[in-house]
Amino acid sequence: MISDLVIGMAGAGGDGIVSAGESLIAAAAREGYYAILTKSFGSQIRGGESSCRLRLSAEPILSAGGTLQVAVALNWEDFLKFGGELPVGSETVVIYEEATGVAPGQIPLDRPRPALAVPAPIARMAQETAGTLKAKNTVVLGLLSGWFGLAGESIRSGMRRKFAGKGAEVQAGNDRAFQAGLDYAAQHPLGSGSRRLPPPAHRKPKLLTDGNDMCGAAAIFAGCEFFGGYPITPSSEIMQFLNREIWKHGGVLLQAEDEIAGLGAVVGASFAGKKAMTATSGPGLSLKGEMLGLATIAELPLVCVDVQRGGPSTGLPTKSEQSDLWAAAFSAHGDVVRPVLAPITVADVFPVTVEAFNIAEQFQTPVIVLSDQELAQRKETIDPIDTARLQRIERRRPAAADLDPYVRYRITPDGISPISYPGMPGGNHLASGIEHNENGAPSANGAVHARMNEKRIRKLAPLGDRDDLFTREGPPDAPIGVIGWGSTAGPLIEAARNLQREGLAVQALAPRLLYPVAEKVYRRFFASLRVCLVVEQSHLAQLYRLIRMFVDLPCPCHSLARSGANPFSPEEIAGQIRSLAGLDPAAVPSTPAPTR
Amino acid sequence: MISDLVIGMAGAGGDGIVSAGESLIAAAAREGYYAILTKSFGSQIRGGESSCRLRLSAEPILSAGGTLQVAVALNWEDFLKFGGELPVGSETVVIYEEATGVAPGQIPLDRPRPALAVPAPIARMAQETAGTLKAKNTVVLGLLSGWFGLAGESIRSGMRRKFAGKGAEVQAGNDRAFQAGLDYAAQHPLGSGSRRLPPPAHRKPKLLTDGNDMCGAAAIFAGCEFFGGYPITPSSEIMQFLNREIWKHGGVLLQAEDEIAGLGAVVGASFAGKKAMTATSGPGLSLKGEMLGLATIAELPLVCVDVQRGGPSTGLPTKSEQSDLWAAAFSAHGDVVRPVLAPITVADVFPVTVEAFNIAEQFQTPVIVLSDQELAQRKETIDPIDTARLQRIERRRPAAADLDPYVRYRITPDGISPISYPGMPGGNHLASGIEHNENGAPSANGAVHARMNEKRIRKLAPLGDRDDLFTREGPPDAPIGVIGWGSTAGPLIEAARNLQREGLAVQALAPRLLYPVAEKVYRRFFASLRVCLVVEQSHLAQLYRLIRMFVDLPCPCHSLARSGANPFSPEEIAGQIRSLAGLDPAAVPSTPAPTR
Amino acid sequence: MTASTPVPAGSQPFTTKDYRSNLKPIWCAGCGDFGVATALYRALAAVGRPPHEIALVSGIGCSSRIPGYTNCYGFNSIHGRALPIAQGIKLANPDLLVLVAGGDGDGFSIGGNHVAHAIRRNVDLTYICMDNQIYGLTKGQLSPTSPRGLKTVSSSYGSFEEPVNPLLYCLAYGAGFVAQGAPADMDGLTALIEAGIRYPGFAFINVQSPCVTYGEEKFQLKAQKLRLEKLEALGHDPADFMKATERARAYGEKLYTGIYYRCPSPAATFESMARERRQELQSRAASRSSILDLFQTA
Amino acid sequence: MTASTPVPAGSQPFTTKDYRSNLKPIWCAGCGDFGVATALYRALAAVGRPPHEIALVSGIGCSSRIPGYTNCYGFNSIHGRALPIAQGIKLANPDLLVLVAGGDGDGFSIGGNHVAHAIRRNVDLTYICMDNQIYGLTKGQLSPTSPRGLKTVSSSYGSFEEPVNPLLYCLAYGAGFVAQGAPADMDGLTALIEAGIRYPGFAFINVQSPCVTYGEEKFQLKAQKLRLEKLEALGHDPADFMKATERARAYGEKLYTGIYYRCPSPAATFESMARERRQELQSRAASRSSILDLFQTA
Ligand SMILES: Cc1ncc(C[n+]2csc(CCOP(=O)(O)OP(=O)(O)O)c2C)c(N)n1
Ligand SMILES: Cc1ncc(C[n+]2csc(CCOP(=O)(O)OP(=O)(O)O)c2C)c(N)n1
Ligand code: SF4
Ligand code: SF4
Ligand SMILES: [Mg+2]
Ligand SMILES: [Mg+2]
């Protein structure tokens, strides 16, 4: 009996490998399993090699897992192209297309050699039962269901719905192909390679979505009424979701001519009094610096989502990385403090995006949400979210007394000045990107400038107390600490939990508020530590460096930082922690320096 | 006998106050004095109040000085508008227009009360001698020359050249006005307020220019053949200088439609094999992030000058600040290390800009030069620069062996790949912003990406050893250290020198290389320190934070950081150092935190 | 009351001073922008929307200071980005009257692309380009509308570029209302701005607004008065696109004022189509709080 | 040999395969971009400049991958910025043949402003817009040339915007050479690209290059073949600007191919004027090393 199952599959374009993964996770969600599905494609726009990996579990999970327990190769060439994305280990069961003509002992995977290699006549069964090779992926589903005890009925009914529009013959053919897979599995038991997932704790169906759609949904929930943006991988689905939904809630969406115009329209909509948002990826973020600076000095709320991909420049548009942190925090000239938040799972995208709107509205500031390709495009099952417990904050409007006369940028005790909107009588004022006095009149006076800089930055002070924006796990007196963010936080927390189970006292910290750096929270975390490790998908160790900027590190603090594309696995992180703890003779990673 | 003289003057538009300052500094330069002239204007586009301050000295100077020794007010309203920019102290001699009708005991300056207040019939003398109030500034020059022993003949001959085209009558009128001022001064000695500058050590004429023209000249010297840019205060004069000069040296200049296109053209020119440059200020820099990232990944040399002004956003376009440091270092998504240099005086702009070209060409990287409004627009006398001692580095071209076959992004031991240019047979290749393998072919492979990131960053390692890009002054075992950059370094070094003269063991460090942070150099500087102070014109203490990011601070390190507009004076910095040293009961400045 | 439901001419609840702020303009004495501001106050008084229902957006430049000199909601934004911001305002609240003003550099150099896209979206904005053929605020560099060969501080030996033709560009972009005015004819300019505001769709008005400090002699008010030819007097038919195009090509040589083109059958605006879409879809919508239901699998 | 001194037709030292690289295109089978690449190889062979004297610059998009599929110096830059980069190359070294290619989104959405300014500078570039009325690379969103009402993943209920008209825009910008081609007529397309290269100034060629994956039926090769009308066959006179304008207005309705406009007396290019200026001024110049003499006060 195992607690979870990690399956990786690859095939050529048209093999429908990703579609099989989608069917599997949908069935799993209906059955009440926890599951995460990630996909990966070759460089062809369409029809190139494709792959997916699916982790299924009876218990909640936070990452897509590490080494595959089951690998499915429809052909070897394509499978091998995915390299480290589909890691095969010594315990992996490899199922492959018999027609590749490779004997089980000869398969091109031997470092390490997998536990079991099982050829199956996938193409032949598809052709024989459904009359088309297109049904190969359905045969695979049958095989997986049969061999690993996966939700047979749910898969079957899901496929029926999927093929509903295609006519009875197609539907029946698929049914037969699925059954053929099931039967083949029954007739060829795996023996020592056998794995069976336990039934889920509760058979209650789960929600199923990815980080981008979740982000769009959160915006709607938060009360967003305006989206302005420009398509860019891997963020476009946020715009696409809102393009379908925002109108239903009285909003409007603008596909702008570029990222500057998209954010410009958001600034305008915010000035007009609406909650407003944009979404982009690295190259778009790099274009938005100036407009973000305007929103900061004009004190206009807005949310800007950046779905990180591999950089610099166009970089690796379809791969995940965590290298936009410095750009998110610092990409505007002048003394600007702009809050940056990051979710750690697909489910987490919801409350974090809602909180981004709250912080934006409360403090009249642009807020960046740093998602990443992994979170944005992976599918995840999600337990019901009790939305009634989430707050929705509205910006502070001028009371009658504030309008007599109205002083837009009044320096108040908390630094927040009530904000009017066009259409509000008596609230007329000049908003501007030029430095201004409390009335909004342009000023080049040094004293006015100092006061205004101070006000704009002081108003964010309450963020320093937001422990609720950090997840802290593990024994609070543990001497070993690990820190990770975004999609790295999941494997990091799982690694810590696994090590705790092994008896190692490790605690994990996952910041959702990345900037401003909440010094107090880090200081409390560091209090008991003897050693710390910051883990992130960035060559330059951007979070590690950002923390150092503001927090005095009271203990040796190491950095496990590397370029993106392949996510961290819990195993990899656990290995590094073990070596830090002196449990492993392998060299402790040293803190990287950009220029050495 | 005093060693230097700080004069501040203010008047209404048309009073020619700035022109008087220009005449004075030009005369001083011809005489062999050291001098620095800064100017400041009101918000009117033309004809508003204007002011200047001039520091004259027989010895080399590094800052525009602090409290005025001489103040000239043509009217009180305008003089007072400049507030802290024209600080009057208890030792100041105030000369003012008699026609203001204010009695010497009643002048609106009393915190503190100046040493002496001297009304003079400036307007009347101008009218009587030159027949026009336009000659008021000439009368002022006469007064200053007479009272303080300033280069009478040089001023007179300079004015003659200046008015040469205006006809004999105008010239003669001016001559008479100047003489009237001289005579008035002779007839009304200042008594206790008397100050006389000693003659300069050598009467050798000095060069005279400002930081922007110096920057343009350095580009020409370095071999720049292409400039693409867009006007923006306070950087436009760099483009304007090159627009006059670059053609003479076989180059070309493009006033682009915006900052992105300007830098884009620079990237193109660099690809075509030329040394190329752009110049901008904060808002422009914020627009250039994406294009800078392209230059980084395509490994193309270029220089981008950012003349800092008050931010955020449009901010204070005509005032100096040092708040673009983080934007310069971090404004592009992805893992990017882009060198950032900053000169510390107008004279220093020359070698630093040349070195920016050298670093760009040697390492095939964009380089940012962070100037600031103070350096860019102040005039400074300059000792001859021995240009023969300056190196000019050219990019590494492929040798014959490198072309067989040519591998554009070959991973070499030092990370630098020989670069061809269109027109070079056999050097054909694809440059791109997408991640690529050594051949330049697009790749989304994680291993390739990691290798390329590593190469692009490793190649900059030699910068970590560049002590020559740091000025270190004072006893190397002094327990008190101060760090400052850009236009703040001048007053900082002067403060340290003054304190050394007072017997306080203070050493100063002025980094010209700001990023990547040269950890070794800082470590060596910190070695003997008991306490350190980082001084900068930025509310967020951007340099202090940047150093912390990379350097473990072995001693308490304080930050004197404030918003821009009014530059630091040596006195102000010295006061803070004294209090750090416990010599002054005033509170030691604590390290600022963005959110508290 | 919405901007597309203009106040009937004649009923004027406000006077020009209701639209003027008490901030002192930083403009040079004699700058054409004073005239543009005056014409704007007058046109706004004629239209009669209360100042708090008006948003005036600009970029950066001498001309872009104009929002601060009105009593409306003003937004003096960043260089070249007034139009995207204005579109955001108008789409977020179509009931507002939204105006945009700024310089030739702001509009046709750095901001050029936004003009095309605002026009093809047909957002109901009135865009006043204060065209002085120079960069005023940055002290006299070449502007996109500077005549070829002009010597400025950034083109000491003369420029190589053909000037931008704002009128021809906007016609090609499909603007429903394209006009040109000049402060030398204040009544005409006022009427054009009013007509632009009343036009139900994107309206473009190029104003020849002389820069007395850095501008060429031939663009000054005096020369303007001599050169100015009224399109109306030439018998120009504003419904004739091809004729408008032909006349627009003379920009830089001739100084025509008046309406080059007014689309006889104005197209639907973006915001009116958006309103319809919302009405259609809102009925089908669940509440914001149940948005997660979309992700149910059962 | 300079680009403005074209190789005489007839002498062809190179064949198409000299211009093709061995990188396998990522394009979908049947994508129109294959046809554009083929026409480009042919036109380059006809022009006969050696590949190392050619620079081909693009932005980002499916179409923008084209430089990698040639053997020239290629620059696959960032989205929308091919034209500024290409201008930098050409101005830095006017002896090169500099081409620009990319998508409708790259060129007329994010990059729109650069088109206008490259044209008014008249830098001698040949700009091929591979217009598929869609965003291919990002998987099927609305492009600026998408017809109004189009439903895409980013416009589920249909778009509100009027499409950009690349031909009309470029005419208004003052381009000396404006043409449209389609892979359905390979010979015609090849000839247009060659003519564009040989035109001594900025040349704009819009190519209707169908996207088989996300494009509409009516833009596909098959429909294209039926709709295509050759301007030459219509007796169109490429010297007639107003007629060109009129025909360009039919973009989206009609599919004309051929040369809309070719300026009968091509204007001087930016780089030729720059060359003259340099020649004039270089004689007066001191050496780079004595530049500081400018700041002498004696
Ligand atoms: C991004 C950016 N680039 C450049 C500038 C500098 N700048 C301010 S106004 C201006 C142009 C002014 O010309 P125009 O728009 O014609 O307005 P005018 O002053 O002539 O009225 C420029 C280049 C800026 N503020 N921001
Ligand atoms: C600054 C920036 N914004 C957005 C993108 C995402 N993006 C890549 S290609 C593209 C548009 C593709 O359309 P088009 O230019 O028409 O080329 P096609 O793929 O259709 O050939 C977009 C929006 C990007 N790479 N960079
Ligand atoms: S510089 Fe020119 S445009 Fe600016 S205010 Fe003065 S006259 Fe007007
Ligand atoms: S998506 Fe369309 S444009 Fe892109 S390669 Fe495929 S067919 Fe061509
Ligand atoms: Mg202008
Ligand atoms: Mg396209």
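Residues numbered from 1 in each chain as written. Chains lettered and ligands numbered in written order. Predicted model: local features only at pLDDT ≥ 70, side-chain atom pairs only at ≥ 80, totals over all residues. Heavy atoms only, no water.

Peer 1: Describe in detail the overall build of chain A, supporting the description with residues and values.
Peer 2: A tally of regular secondary structure across chain A gives 19 helices and 21 strands. Scaling as 2.2 N^0.38, a compact globule of 596 residues should have a C-alpha radius of gyration of about 25 Å, and chain A matches this with 26 Å. The C-alpha extent of chain A, read off along each of the three principal axes, is 85 × 60 × 40 Å. Within chain A, the fraction of its 596 residues that count as buried is 68%. Residue pairs at least 24 apart in sequence account for 74% of intrachain contacts in chain A once pairs closer than 6 positions are excluded. Carbon together with sulfur atoms contributes 51% to the accessible area of chain A, which is approximately 17500 Å² in total. A gap of 2 Å separates the mean positions of the 58 positive and 60 negative side-chain charges of chain A. (Helix = DSSP H or I, 4+ residues; strand = E, 2+ residues; numbered from the N terminus. Rg over C-alpha atoms; globule rule 2.2 N^0.38 Å. Buried < 20%, exposed > 50% of the residue type's maximum accessible area, 1.4 Å probe, protein only. Contact = heavy atoms within 4.5 Å. Areas by Shrake-Rupley, 256 points an atom, 1.4 Å probe, with all protein chains shown as cover. Lys, Arg positive; Asp, Glu negative; His and termini not counted. Charge placed at Lys NZ, Arg CZ, Asp CG, Glu CD.)

Peer 1: Describe the coordination of the magnesium ion (ligand 5), listing the residues and the values that go with them.
Peer 2: A metal bound by six donors in octahedral fashion has ideal angles of 90 or 180 degrees, whereas one bound by four tetrahedral donors has an ideal angle of 109.5 degrees. Residue and element names in this part refer to chain C. Looking at the magnesium ion (ligand 5), one finds its protein donor set to be Asp 104 (OD), Asn 132 (OD1) and Ile 134 (O), positioned 2.0 to 2.2 Å from the metal centre. Mapping the donors of the magnesium ion (ligand 5) onto the primary sequence gives the spacing D-x27-N-x1-I. Within this pair, whereas Asp 104 is found in helix α3 (residues 104-110), its partner Ile 134 is found in strand β5 (residues 134-135), the two being separated by 30 residues in sequence. The exposure class assigned to Asp 104 is buried, which follows from its relative accessible area of 2%. (Donors = N, O, S within 2.8 Å, 3.2 Å for Na, K, Ca; no water.)

Peer 1: Now, about the sheet that holds strand β14 (residues 379-382) of chain A: what can you tell me, with residues and values included?
Peer 2: All names here are of chain A. Ordered by their spatial adjacency, eight strands build an open sheet running β6-β5-β4-β1-β3-β2-β14-β7, and the pairing between neighbours is mixed. A strand with exactly one partner marks an edge of an open sheet, and here the two such strands are β6 (116-120) and β7 (207-210). Mean inter-strand twist for the sheet, computed between neighbouring axes without regard to direction, equals 15°. The sheet contact formed by β7 and β14 spans four bridges and is antiparallel. Looking at β14, one finds that Thr 209 is bridged to Glu 380. Of the strands in this sheet, β1 (4-11), β2 (34-41), β3 (50-57), β7 and β14 are in contact with helix α1 (residues 17-31), which crosses β3 at around 15°. (Pairing = 2+ DSSP bridges. Axes fitted to C-alpha atoms, helices over the stretch in contact; angles between N-to-C directions.)

Peer 1: I'd like to hear about the coordination of the magnesium ion (ligand 6), residue by residue, with values.
Peer 2: Around the magnesium ion (ligand 6), the protein supplies Asp 104 of chain D (OD), Asn 132 of chain D (OD1) and Ile 134 of chain D (O) as donor atoms, at distances of 2.1 to 2.2 Å. For the magnesium ion (ligand 6), the donor residues sit on a single chain with the sequence spacing D-x27-N-x1-I.

Peer 1: Tell me what's going on with the site of ligand 1, and back it up with residues and numbers.
Peer 2: Around ligand 1 sit 23 residues in total, of which Glu 259 of chain B together with Cys 62, Ser 63, Asp 104 and Asp 106 of chain C are the nearest. Site remark: ligand 1 is flanked by residues from chains A, B and C. For ligand 1, an oxygen atom lies 3.0 Å from a polar atom in the backbone of Ile 134 of chain C. Backbone polar atom of Gly 136 of chain C to an oxygen atom of ligand 1: 2.9 Å apart, as the coordinates give it. Expressed as a share of its isolated accessible area of 580 Å², the protein-covered part of ligand 1 is 99%. Breaking the shell around ligand 1 down by element, the ones donating at least two residues are α10 (282-287) of chain B together with α3 and β5 of chain C. With four residues, α3 of chain C is the largest single contributor of residues to the shell around ligand 1. For the shell around ligand 1, the class distribution of residues is 11 nonpolar, eight polar and four charged. (Near = heavy atom within 4 Å. Polar contact = N/O pair within 3.5 Å; in protein donor to acceptor, adjacent residues only side chain to side chain. Nonpolar A, V, L, I, M, F, W, Y, C, P; charged D, E, K, R; others polar.)

Peer 1: Requested: an account of the pattern of salt bridges, with residues and values cited.
Peer 2: All names here are of chain B. Under the defined criterion, the tally for this structure stands at 88 salt bridges over all chains. Close ionic contact of Glu 299 with Lys 455 constitutes a salt bridge, the shortest N to O distance being 2.9 Å. Here Lys 455 lies in helix α15 (residues 446-458) and Glu 299 lies in the loop between α11 (289-298) and β11 (302-308), a separation of 156 residues in the sequence. The exposure classification of Glu 299 matches that of Lys 455, with both residues buried. Arg 466 serves as the salt-bridge partner of Glu 355, at 3.0 Å between the closest nitrogen and oxygen. Residue Glu 355 is found in helix α13 (residues 346-363), and its partner Arg 466 is found in the loop between α15 and β16 (470-473); the two are separated by 111 residues along the sequence. Taking relative accessible area as the criterion, Glu 355 reaches 15% and is therefore assigned buried. According to the relative accessible area criterion, Arg 466 is buried, its value standing at 19%. (Salt bridge = Lys/Arg side-chain N within 4 Å of Asp/Glu carboxyl O.)

Peer 1: Now, about the relation of the copies chain A and chain B: what can you tell me, with residues and values included?
Peer 2: Superposing chain A onto chain B requires a rotation of 180° together with a translation of 0.0 Å along the rotation axis, leaving an RMSD of 0.0 Å. In symmetry terms, the pair is related by a two-fold rotation axis. In this assembly the copies share their binding face: 100% of the residues contributing to the interface of chain A also contribute to that of chain B. (Least-squares fit on C-alpha atoms with pLDDT ≥ 70 in both.)

Peer 1: Could you give an account of the site of ligand 2, naming the residues involved and the relevant values?
Peer 2: Around ligand 2, a shell composed of 23 residues is seen, among which Glu 259 of chain A together with Cys 62, Ser 63, Asp 104 and Asp 106 of chain D lie nearest. Those residues lying near ligand 2 are distributed over chains A, B and D. Here an oxygen atom of ligand 2 and a backbone polar atom of Gly 105 of chain D are 2.9 Å apart. Here an oxygen atom of ligand 2 sits 2.9 Å away from a polar atom, N or O, in the main chain of Gly 136 of chain D. Surface burial for ligand 2 is 98%, taken as the share of its 580 Å² of free accessible area covered by protein chains.

Peer 1: Give me unusual backbone geometry: which residues, what numbers.
Peer 2: The omega angle of the peptide bond from Asp 404 of chain A to Pro 405 of chain A is -10°, so this bond is cis rather than trans. Along the chain, Pro 405 of chain A turns up in the loop between β14 and β15 (430-432). Looking along the chain, the bond that leaves Thr 233 of chain B and enters Pro 234 of chain B is cis, with omega of 0°. You can see Pro 234 of chain B is positioned in the loop between β8 (226-229) and α8 (236-245). Unusually for a residue other than glycine, Ala 541 of chain A sits at a positive phi of about 60°. Turning to its location among the elements, Ala 541 of chain A is positioned in the loop between β20 (531-536) and α18 (542-550). Judged by relative accessible area, which is 0%, Ala 541 of chain A ranks as buried.

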